[in-house]
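Results of the structural survey
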Amino acid sequence: MDSVVGSLNKTLISLFSEISLDVSLLFLVAVIIPGIVIFLIMTVNAIVAVYMERKVSAFMQDRLGPMEVGIFGFKGGKKFWGGIGQTIADAIKLLVKEDIIPKDANKFLMVLAPFIIFIGAFVTFIGVPFSNGLVISDFNIGILYVIAMSSVGVIGIILAGWASNNKWSLYGAMRAAAQIISYEIPIGLSLLLIVIVVGSLEMSAIVNWQAENRWFIIHSPFALLGFLIYFISGVAETNRVPFDIPEAESELVAGWMTEYSGFRWALFFLSEYTNMLIVCIIASIVFLGGWLSPFQLFDIPGIEIPESFFVLDGFYMGMFWLLLKTVLLIFVMMWIRWTFPRLRVDQLMYLCWKVFIPFALANLVFVCIWELLF
């Protein structure tokens, strides 16, 4: 699969071949353009996800604000656009809000922390394909790269909690570090199932394998368990309810974000929703066929399927199917938030170390046996 950066670089070189421009400068431009697009995707995703989450909670809990607030004098009502004014007002408020740094805080580290978290989420997108042939850079170790880069954010969380010189921030940071590091283990073990079956870490190769065989979630009796462990661990990894212990409002005010406000707090917010998006995109790619349409499930050897059924596959429809699967998984995350109460710290660690990790290890063994037998 050719990468976006490589294609842009070739295009720019061919366009400016008559002008004596430095090749390294053209390559820099080819890198900056996808970077701007990724930033816009992250921003739009945060705004849309906040609006979507407020609508979901409003329907589940009969809240008035997200259902009624209009815009420019236009009343919302219980329709799709009801509540959109509140989301726009909050976005503007964050950008113009005063940015305060406590007197006794470590100013340099406190300013640096949100950017580390943001960069960790930002660079993860480099290895994520959005359709067949649409990836910033096509690594042959795609899954390993995504897991590694998504782990960078924990450094920023620890820095934010320690540099704030606030005991609640420090408590929240230590909780978050323990939680994220713990739940990375079942996530890695679940993704290892796909690597064993497919024989590749490359994401495009994983989707191509599913196109030739079947979606991995129905590959074997153990694949569904692997998907559930991955998805629930992903909810914990993104600090979503019922695993939002590091930023539990009733206990720690806002966790490691307590002393932050304005633009830097918005970076935390942006990164959290970006991590949700990444977790759901990876789940869609490795377990749910990625950019393949559901009609691929009916492509069974020996059964003739009309070609018209596969008209909904292709480059542009692939982006649609991947987005649809991702949005459905994000909706499930929001559904979980408004359904389950918050766990205690001991329950959180018990679930990871005594339930998910043993089951994930056993699942790994059973998948290996399944591959040897069938």
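The structure contained in this document is the topic of the report that follows. The structure presented is a predicted model; accordingly, all values stated were derived computationally and were not measured.

A look at the environment of Phe118
By the element assignment, Phe118 lies in helix 5 (residues 107-124). Taking the C-alpha atoms as reference, Phe118 lies 8.9 Å from Glu272; in sequence the two are 154 residues apart. If we skip the residues at most four places from it in the chain, Phe118 touches Phe39, Met42, Leu267, Leu270 and Ser271.

Some words on the pattern of salt bridges
Where charged atoms from two side chains of opposite charge approach closely, those side chains can pair. Within the structure shown, the criterion is met by four salt bridges. The partner of Glu53 in a salt bridge is Arg240, and the shortest N-O contact between them spans 2.5 Å. On the criterion of sequence distance, the pair formed by Glu53 in helix 2 (residues 23-61) and Arg240 in the loop between helix 10 (223-237) and helix 11 (249-252) is long-range, its members being 187 residues apart. Relative accessible area serves as the criterion here: at 3%, Glu53 is assigned to the buried category. Taking the relative accessible area as the measure of exposure, Arg240 reaches 2% and is therefore buried. Between Asp346 and Arg344 there is a salt bridge whose closest N-O contact spans 2.9 Å. Through salt bridges that share partners, Glu53, Arg240 and Arg337 make up one connected network.

Description of the layout of surface pockets
Put simply, the largest pocket is a space of about 1,100 Å³. Val50, Leu94, Trp265, Phe269 and Tyr273 are, among the 38 residues lining the largest pocket, the residues nearest its centre. Listing elements by their share of the lining of the largest pocket, those giving two or more residues are helix 2, helix 4 (84-96) and helix 12 (262-287). Across the lining of the largest pocket, the residue classes tally to 21 nonpolar, five polar and twelve charged. In terms of lining residues, the second largest pocket is bounded by 23 residues, among which Ile41, Phe130, Leu277, Ile281 and Leu323 are the most central. Contributions of two or more residues to the lining of the second largest pocket are made by helix 1 (4-15), helix 2, helix 12 and helix 13 (315-337). The element best represented in the lining of the second largest pocket is helix 2, accounting for ten residues. Tallied by class, the residues present in the lining of the second largest pocket amount to 21 nonpolar, two polar and no charged.

Here's the deal with the packing of aromatic side chains
The geometry of an aromatic ring pair is captured by two quantities: the separation of the ring centres and the angle between the planes. Within this structure, the stated rule accounts for 18 aromatic pairs. Ring plane angle 65° and centroid distance 5.1 Å describe the contact between Phe320 and Trp321, whose orientation is recorded as edge-to-face. On the basis of relative accessibility, which here comes to 11%, the residue Trp321 falls in the buried class. Taken together, Trp209, Phe216, Phe227, Tyr230, Phe231 and Phe287 form an aromatic cluster joined through their ring pairs.

Focus: the packing of helix 7 (residues 153-163) against helix 8 (residues 167-198)
Look at helix 7 against helix 8: their axes get within 7 Å of each other, and the N-to-C directions meet at 160°. Looking at the two axes, helix 7 sits roughly antiparallel to helix 8. Note that helix 7 runs across helix 8; the crossing there is left-handed. On helix 8, the residues that touch Val154, Ile157, Ile158, Gly161 and Trp162 of helix 7 are Ser169, Leu170, Ala173, Met174, Ala176, Ala177 and Ile180.

Thresholds applied
- Residues numbered from 1 in each chain as written.
- Predicted model: local features only at pLDDT ≥ 70, side-chain atom pairs only at ≥ 80, totals over all residues.
- Heavy atoms only, no water.
- Helix = DSSP H or I, 4+ residues; strand = E, 2+ residues; numbered from the N terminus.
- Contact = heavy atoms within 4.5 Å.
- Salt bridge = Lys/Arg side-chain N within 4 Å of Asp/Glu carboxyl O.
- Buried < 20%, exposed > 50% of the residue type's maximum accessible area, 1.4 Å probe, protein only.
- 1 Å grid on protein atoms, 1.4 Å probe; cavity = no way out; pocket = protein on both sides within 12 Å on 5 of 7 lines; lining within 4 Å.
- Points joined across faces, edges and corners; volume = space filled by probe spheres on them.
- Nonpolar A, V, L, I, M, F, W, Y, C, P; charged D, E, K, R; others polar.
- Phe/Tyr/Trp six-rings, centres within 6.5 Å; stacked < 30°, edge-to-face > 60°.
- Axes fitted to C-alpha atoms, helices over the stretch in contact; angles between N-to-C directions.
- Parallel < 35°, antiparallel > 145°, perpendicular 65-115°, else oblique.
- Left-handed = near helix turned anticlockwise from the far one by under 90°.

Interpretation in functional terms is not warranted from these geometric data alone.
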